[in-house]
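The primary structure of each chain is shown beneath.
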Amino acid sequence: MSSIPPVIAIHGGAGTISAATLAPDAARGYHEALHAITLAAQRLLLSGGSALDATCLAVEMLEDCPLFNAGHGAVFTHEETHELDAAVMDGADLRAGAVAGLSHVRRPVRAARAVMEDGAHVLLAGAGAEAFARERGLEMVEPAYFSTDARRAQLHRVRDAGRVALDHDAAALAFNFQREQAPLDEDRKMGTVGAVALDMHGHLAAATSTGGMTNKRVGRVGDSPLIGAGTYADDRTAAVSCTGSGEMFIRVAAAYDVCARMRYANQSLAEACDAVVMHSLPAIGGNGGLIAVDRQGHLSLAFNTEGMYRAHARGAEAPVTAIHR
Ligand code: ASP
């Protein structure tokens, strides 16, 4: 077994998370959840587990966690429905799987992984993706499973204002916040979640799962399930999982651009992530961030918003969690 210390990083969405409105108790819950999930993935990696298994485990836990669940509590579309997207990529052999527009699969990342393992296709959408998940024996739920009152109230506020909002955009979340009196943790929970990892064997992987953006048009697909936009992994360079205004991440091929800058322009991971997050994305109005790990174990958790729910652990060191800058 090689001596590479494994690395795991996770995110639970980026946005204008206002320090002023984030109650101390809510912040503690986020830190505890991020810590516990990172620890579980770290243990798997330390026992020799693969980066692919570690990222899928972390994203499943994020999907299941009431604070970050990209399933239960997912944002609503304009039509008050849910459409969930997810992707996974194995840097060892560039295998990838993704699903878009799911409304009955409890853990979309499992469906993405099943698509990858099946190998015939990379991206399945809508009814066909759900039929595939059902065939594979994945847990199915009624769409109401994903709904929460807080998310419905959020949709109504955002829809009334005629906007499409990032899940963690405080401008949307705090809008009429007092009048609604929605608990902060309820109103802020769920969003795009993701994980990247380097395992002891030198392999990289990335996984991402999301409910998308509040008030999105039915049928809209964001960056998360698009390989190269919201998710990418290549052992020669890095593993990347993004969160933010998906349309802009698609337009700059954000996750792939990080890897391409490293491979073709010899940029370091930090330089490549900085170029994408601080320059390419803002140049077209893109908000958000990404987490990335390279083959040497360097990490970048970059964002151009006020905050990003994030955590990482290197080797056997204690996980580090953060929300704001
Ligand atoms: N990137 C996601 C999307 O556009 C949203 C998010 O990161 O919260 O679907």
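Just so we're clear, the structure is a prediction, and the values are computed from it rather than from any experiment. Residue numbers restart at each chain and count upward from 1, following the sequence in its written direction. Where totals are concerned, whole chains, interfaces and linings use all residues; where local detail is concerned, this predicted model gives features only for residues with pLDDT of at least 70, and gives and counts side-chain atom pairs only at 80 or more. With hydrogens and water set aside, each side-chain value is computed from the structure's full complement of heavy atoms.

## Remarks on the confidence of the model for the chain
The predicted coordinates should not be examined in detail at positions where pLDDT is low. Definition in use: Per-residue confidence from the predictor is given as pLDDT, running between 0 and 100. Contacts: residue pairs with any heavy atoms within 4.5 Å of one another.
When pLDDT is averaged along the chain, the result is 88; 87% of the residues meet or exceed 70. Here residues 170-190 is a poorly scored stretch, pLDDT under 50, and it has 66 contacts once near neighbours within four places are set aside; other chains count.

## Points about the nonpolar core
What tends to happen in soluble globular proteins is that the nonpolar side chains get buried as a cluster. Counted only if it meets this: Joining through side-chain atoms within 4.5 Å is the link that ties buried Ala, Val, Leu, Ile, Met, Phe, Trp, Tyr and Cys residues into a set, and such a set is a nonpolar core. Burial classes: relative accessible area under 20% of the type maximum marks a residue as buried, over 50% as exposed, and values in between as partly exposed (1.4 Å probe, protein chains only).
One finds Ile8, Ile10, Val88, Val99, Leu102 and Ala111 to be the most contacted residues of the largest nonpolar core, which totals 47 residues. Apart from the residues lying within four places of it in its own chain, the contact partners of Ile10 are Leu34, Ile37, Thr38, Ala58, Leu62, Gly194, Ala195, Ile291, Tyr309, Arg310 and Ala311. Formed by 37 residues, the second largest nonpolar core is a distinct cluster that contains Ala233, Ala238, Met262 and Leu290.

## A short note on the sheet that holds strand β8 (residues 238-244)
Going by this rule: Note on pairing: two strands pair once DSSP finds at least 2 bridges between them. Only DSSP runs of H or I reaching four residues or more are called helices, and only runs of E reaching two or more are called strands; each is numbered from the N terminus. Axis angles are defined between N-to-C directions and span 0 to 180 degrees, where every axis is a line fitted to C-alpha atoms and, for a helix, only to the segment in contact.
Here we have four strands laid out as an open sheet, ordered β7-β8-β9-β10, and antiparallel in their pairing. Either end of the sheet is taken by a strand with one partner, and the two such strands are β7 (231-233) and β10 (299-303). On average, each strand axis in the sheet is tilted by 10 degrees relative to the strand beside it, whichever way the strands run. Where β7 and β8 come together, three bridges link them in antiparallel fashion. By the bridge assignment for β8, Tyr232 is matched with Val240. Sitting on the sheet, helix α10 (residues 254-265) touches β7, β8 and β9 (288-294), and the angle it makes with β8 is about 145 degrees. The strands touched by helix α11 (residues 269-283) are β8, β9 and β10; relative to β9, the strand with the most contacts, the crossing angle is about 165 degrees.

## A few points about α10
Selection criterion: Each helix should span, by expectation, one fewer than its residue count multiplied by 1.5 Å.
Relative to the 16 Å expected for twelve residues at 1.5 Å per residue, α10 spans 15 Å between its end C-alpha atoms, a close match to the ideal helical length. If you follow the buried residues of α10, they end up packed against β7, β8, α9 (246-251), α11 and β9. Positive phi appears at Asn266, one or two residues downstream of α10, with a value of about 55 degrees.

## Points about the site of the ligand
Here is the rule we go by: Here a residue is near a molecule or strand as soon as one of its heavy atoms is found within 4 Å of it. Under the rule applied, a polar contact is a pair of N or O atoms within 3.5 Å (in protein, one hydrogen donor and one hydrogen acceptor; residues adjacent in sequence only if both atoms are side-chain atoms). Per-residue and other accessible areas were derived by the Shrake-Rupley procedure at a 1.4 Å probe size, with only the shown protein chains allowed to occlude residues. Each residue receives one of three labels: charged for Asp, Glu, Lys and Arg, nonpolar for Ala, Val, Leu, Ile, Met, Phe, Trp, Tyr, Cys and Pro, and polar for the others, Gly being one of them.
Lining the immediate surroundings of the ligand are Thr192, Gly212, Met213, Arg220, Gly222, Asp223, Ser224, Thr243, Gly244 and Gly246. One of the backbone nitrogen or oxygen atoms of Gly244 is found 2.7 Å away from a nitrogen atom of the ligand. Considered on its own, the ligand offers 270 Å² of accessible surface; in the complex 99% of this is hidden by protein. Within the shell around the ligand, the residues separate by chemical class into one nonpolar, seven polar and two charged.

## Here we look at the packing of aromatic side chains
Put simply, the rule is: When two rings of Phe, Tyr or Trp (its six-membered ring) have centres within 6.5 Å they constitute a pair, described as stacked for plane angles under 30 degrees, edge-to-face for angles over 60, and tilted for the intermediate range.
For the coordinates displayed, the defined rule picks out three aromatic pairs. Relative to Tyr309, the ring of Tyr30 has its centre 4.2 Å away and its plane inclined at 10 degrees; by these criteria the two rings are stacked. Here the residue Tyr30 occupies a position in helix α1 (residues 24-46), and Tyr309 occupies one in strand β11 (residues 307-314), the gap between them amounting to 279 residues. Ring centres 5.2 Å apart and planes at 75 degrees place the aromatic pair Tyr145 and Phe146 in the edge-to-face group. Accessibility expressed as a relative area gives 0% for Phe146, which makes it buried.

## A word on α11
Applicable threshold: The term bend refers to the angle at a residue between two fitted axes, each drawn through seven residues, those ending there and those starting there.
Taking 1.5 Å of rise per residue, 15 residues should cover 21 Å, and α11 covers 20 Å from first to last C-alpha, within 8% of that figure. The axis of α11 is deflected most strongly, by about 30 degrees, at Val276. If you check which residues of α11 are buried, you get Leu269, Ala272, Cys273, Ala275, Val276, Val277, Ser280 and Leu281. On its buried side, α11 packs onto β8, α9, α10, β9 and β10. Phi turns positive, to about 80 degrees, at Gly285, one or two residues after α11.

## As for the sheet that holds strand β4 (residues 123-125)
Strand order in the open sheet formed by eight strands is β4-β3-β2-β6-β5-β1-β11-β12, with mixed pairing between adjacent strands. Only two strands of the sheet have a single partner each, and these edge strands are β4 and β12 (320-324). Across the sheet, the axes of successive neighbouring strands diverge by a mean angle of 10 degrees, strand direction being ignored. Here seven bridges tie strand β1 (residues 7-15) to β11, and the two strands are oriented antiparallel to one another. The residue of β11 that forms the bridge with Ile10 is Ala311.

## Overview of the pairing of β1
The buried fraction of β1 is high, at nine of nine residues. Direction of pairing for β1 relative to strand β5 (residues 193-198): antiparallel, over a ladder of five bridges. In the strand pairing of β5, Ile8 is matched with Ala197.

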